Amino acid sequence: MKKQKFLKFCERGNDMVDLLWVIKNNISLLPYRLGSSYAFKPQSISLGVNSDCNSKCLMCDIGLSNRGEKLDSKFMRMLNRKRELSLDNIDFIISKIKSFRPDIHINTTEPLMHPQIEKIIEHLRAANLKVKLTTNGLLLKNKAKELANSGLNELTISIDGYDELHNEIRGIPRMFKLVKDGVDELRSYKDIPLRINFTINPLNYDKVYRSVISINDEFKPKKVVVSHMNYIDENMKKIHNLRFGKDFPVDTTCVAALSPSTVDTKILSQELDKVKSIENVAFYPDLTDAELDIYYKTNKLLKAHSECKVPWKHFQISADGTVYVMTRCFDYSLGNILTQDLDEIWNGPRIHKLRRNLLKCNGAMPACARCCAIY
Ligand SMILES: C[S@@+](CC[C@H](N)C(=O)[O-])C[C@H]1O[C@@H](n2cnc3c(N)ncnc32)[C@H](O)[C@@H]1O
Ligand code: SF4
Ligand code: SF4
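Residues numbered from 1 in each chain as written. Chains lettered and ligands numbered in written order. Predicted model: local features only at pLDDT ≥ 70, side-chain atom pairs only at ≥ 80, totals over all residues.

Q: Help me understand the overall build of the chain in this model?
A: The number of helices and strands found in the chain is 15 helices and 10 strands. Projecting the C-alpha coordinates of the chain onto the three principal axes gives extents of approximately 55 × 50 × 45 Å. Looking at the chain as a whole, 39% of its 375 residues qualify as buried. If you take every contact in the chain between residues at least 6 apart in sequence, the share linking residues at least 24 apart comes to 73%. (Helix = DSSP H or I, 4+ residues; strand = E, 2+ residues; numbered from the N terminus. Buried ≥ 20, exposed ≤ 12 C-beta atoms within 10 Å, placed from the backbone. Contact = placed C-beta atoms within 7 Å.)

Structural data, given as structure tokens:
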């Protein structure tokens, strides 16, 4: 009886957390709704702590470059600079952001390759900041004890299929098993809330159900988030750069090996219907059949997802301190947090120009159509 009461209390607690988030989100979007290019302090910040990755994922430019593909995108230029945020850099960044307590997402390149990743998390946590980390999980076993003791609030691991399928997409033999061993090792120290990111792509769209069942059996995550592949293809790049290339140029991204238009949306829809019966699955975004066709067969914006408000509430710090809106956004730096005041970056002329441009275009430019920020 006592246990049931406690569980009910926790559920209400979760509802309150959700409600607080909705209130916070609505307040931070007030300037956007009023058509202003000014923004309150960001709610969340992504940290790209390094510029390395040890995987060869077919739907990611970093992975493709690890396979020897010659790519020239913002991502690749960032990686070629080969940088790591030092602990001193992190402390300096903390001193600039801790007063407004943004959530921190360490979710770019492969964060577990940073030799002091656990110390970075410890320092952020000591400043009372909530920290989430996204990883491919390859180094989880080596880092399990340190991560367990770091104070990390939530761990996300990216898994794109059942065993052999995941290994094929990520280009690493035995990867699924290595990641599973890492999760078991971590749980032997501490049960950090675990979420799995599953990204639909042309190699796994017809095997989503089998994959999610296998992921649940092996990893027992709190949540599996199924999302759609993001990309900029040749046509999007052409249309976008014709109009916006001078100020906000884009490159093609994530399509050198996989072509999203090869996804059979009827089969995908059947797979997603089956997956919806699984309790711990969430969709990012949850698309109707008509929207799936638009997403995979055209470059059009979806009506329900046609405004990007992210530049009013979030930014990303790269491994050399350069600030962008986020990894998938335009090759448009907002400044450098290691050398400039935060206000100069977050409410300075460069970000005002980007926000004003978005407002002028009713919320999105052509290259925004398949960026996760708009969903
Ligand atoms: C770029 S990765 C960085 C973190 C880490 N390396 C990983 O793979 O988890 C962040 C997330 O983006 C996902 N991702 C990679 N390529 C993607 C794409 N083209 N579209 C959407 N998500 C993608 C990954 O699966 C992962 O969940
Ligand atoms: S998705 Fe993550 S693990 Fe895969 S290549 Fe990209 S950064 Fe590396
Ligand atoms: S939707 Fe557009 S403006 Fe928003 S983050 Fe993505 S590319 Fe940038």
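Q: Explain the pairing of strand S2 (residues 103-106) to me, please; I cannot follow it from the model alone.
A: Successive side chains on a regular strand alternate, one facing one side of the sheet and the next facing the other. The pairing of strand S1 (residues 44-47) with S2 spans 4 bridges and is parallel. Residue pairing across strands places Leu47 opposite Ile106, the latter belonging to S2. (Pairing = 2+ DSSP bridges.)

Q: Would you mind going over unusual backbone geometry with me for this structure?
A: A negative phi angle is the norm for most residues apart from glycine, just as the trans form is the norm for most peptide bonds. Here Tyr284 and Pro285 are connected by a cis peptide whose omega angle stands at 0°. The phi dihedral of Asn128 is positive, around 70°, even though this residue is not glycine. Mapped onto the elements of the fold, Asn128 is located in the loop between helix H6 (117-126) and strand S3 (131-135).

Q: What is the right way to read the sheet that holds strand S6 (residues 223-228) from this model?
A: Hydrogen bonding along the main chain pairs the strands of a sheet, whether they run parallel or antiparallel. If you trace the 10 strands from one edge of the open sheet to the other, you get S7-S6-S5-S4-S3-S2-S1-S8-S9-S10, paired in mixed fashion. Both edges of this open sheet fall to strand S7 (281-284) and strand S10 (335-336), since each of them pairs with a single strand only. Bridge count between S2 and S3: 3 bridges; the pairing is parallel. Bridging from a neighbouring strand, Ile104 pairs with Val131 of S3.

Q: Any chance you could explain the environment of Ser277 here in plain terms?
A: Structurally, Ser277 is set in the loop between helix H12 (265-275) and S7. The exposure class of Ser277 is exposed, given the 8 C-beta atoms found within 10 Å. Taking the C-alpha atoms as reference, Ser277 lies 24 Å from Lys180; in sequence the two are 97 residues apart.

Q: For this particular structure, what's the right way to read helix H13 (residues 289-297)?
A: In an α-helix, one turn spans 3.6 residues; hence positions three or four apart end up facing the same way. When we look at burial in H13, the residues that qualify are Leu292, Tyr295 and Tyr296. Seen end-on, H13 carries its buried residues on one side only, within an arc spanning 80°. Exposed residues pointing more than 90 degrees away from the buried face of H13 are listed as Ala290 and Lys297. Next to the buried residues of H13 lie S6 and H12. (Arc of directions from axis to C-beta.)

Q: Sorry, what's going on with the environment of Glu291 here?
A: Topologically, Glu291 is positioned in helix H13. For Glu291, a count of 17 C-beta atoms within 10 Å corresponds to the partly exposed category. Note: C-alpha distance between Glu291 and Leu302 (11 residues apart in sequence) is 6.7 Å.

Q: Help me understand the pairing of strand S8 (residues 314-317) in this model?
A: Residues His314 and Gln316 point to one face of S8 and Phe315 and Ile317 to the other, with burial holding for every one of them. In terms of strand pairing, S1 meets S8 through 4 bridges, oriented parallel. Looking across to S8, one finds that Ile45 is bridged to Phe315. With 2 bridges connecting them, S8 and strand S9 (residues 322-324) associate as antiparallel partners. Within S9, the residue paired with Ile317 across the bridge is Val323.

Q: Help me understand the site of ligand 2, please; the structure alone is not making it clear to me.
A: Taken together, the neighbourhood of ligand 2 is formed by Cys53, Ser55, Cys57, Cys60, Ile62, Gly63, Thr109, Glu110 and Asn136. Grouping the constituent residues of the shell around ligand 2 by class yields 4 nonpolar, 4 polar and 1 charged. (Near = placed C-beta within 6 Å. Nonpolar A, V, L, I, M, F, W, Y, C, P; charged D, E, K, R; others polar.)

Q: Explain the site of ligand 1 here, please?
A: Near ligand 1, the surroundings consist of 16 residues, among which Cys60, Ser158, Asn197, Asn230 and Cys254 are the closest. When contributions to the shell around ligand 1 are tallied by element, the ones reaching two or more residues are S3 and strand S5 (194-200). Classifying every residue of the shell around ligand 1 gives 6 nonpolar, 9 polar and 1 charged.

Q: Explanation requested: the packing of helix H10 (residues 208-219) against H12 in the structure shown.
A: Following both chains from N to C, one finds H10 and H12 inclined at 30°, their axes separated by 8 Å at the closest point. The orientation of H10 with respect to H12, classified from their angle, is roughly parallel. Side by side, H10 and H12 meet where Val208, Tyr209 and Val212 of the first sit next to Glu271, Leu272, Lys274 and Val275 of the second. Across the contact of H10 with H12, the residue classes break down as 5 nonpolar, no polar and 2 charged. (Axes fitted to C-alpha atoms, helices over the stretch in contact; angles between N-to-C directions. Parallel < 35°, antiparallel > 145°, perpendicular 65-115°, else oblique.)

Q: How do you make sense of the environment of Gly321 when you look at a structure like this?
A: When you line up the elements, Gly321 lands in the loop between S8 and S9. The sequence separation of Gly321 and Met229 amounts to 92 residues, and the corresponding C-alpha distance is 27 Å.

Q: Quick question: what am I supposed to make of helix H8 (residues 163-170) here?
A: For H8, the full list of buried residues reads His166, Ile169 and Arg170. Down the axis of H8, the sector holding all buried residues measures 90°, keeping them to one side. In this structure, the buried residues of H8 make contact with helix H9 (175-189).

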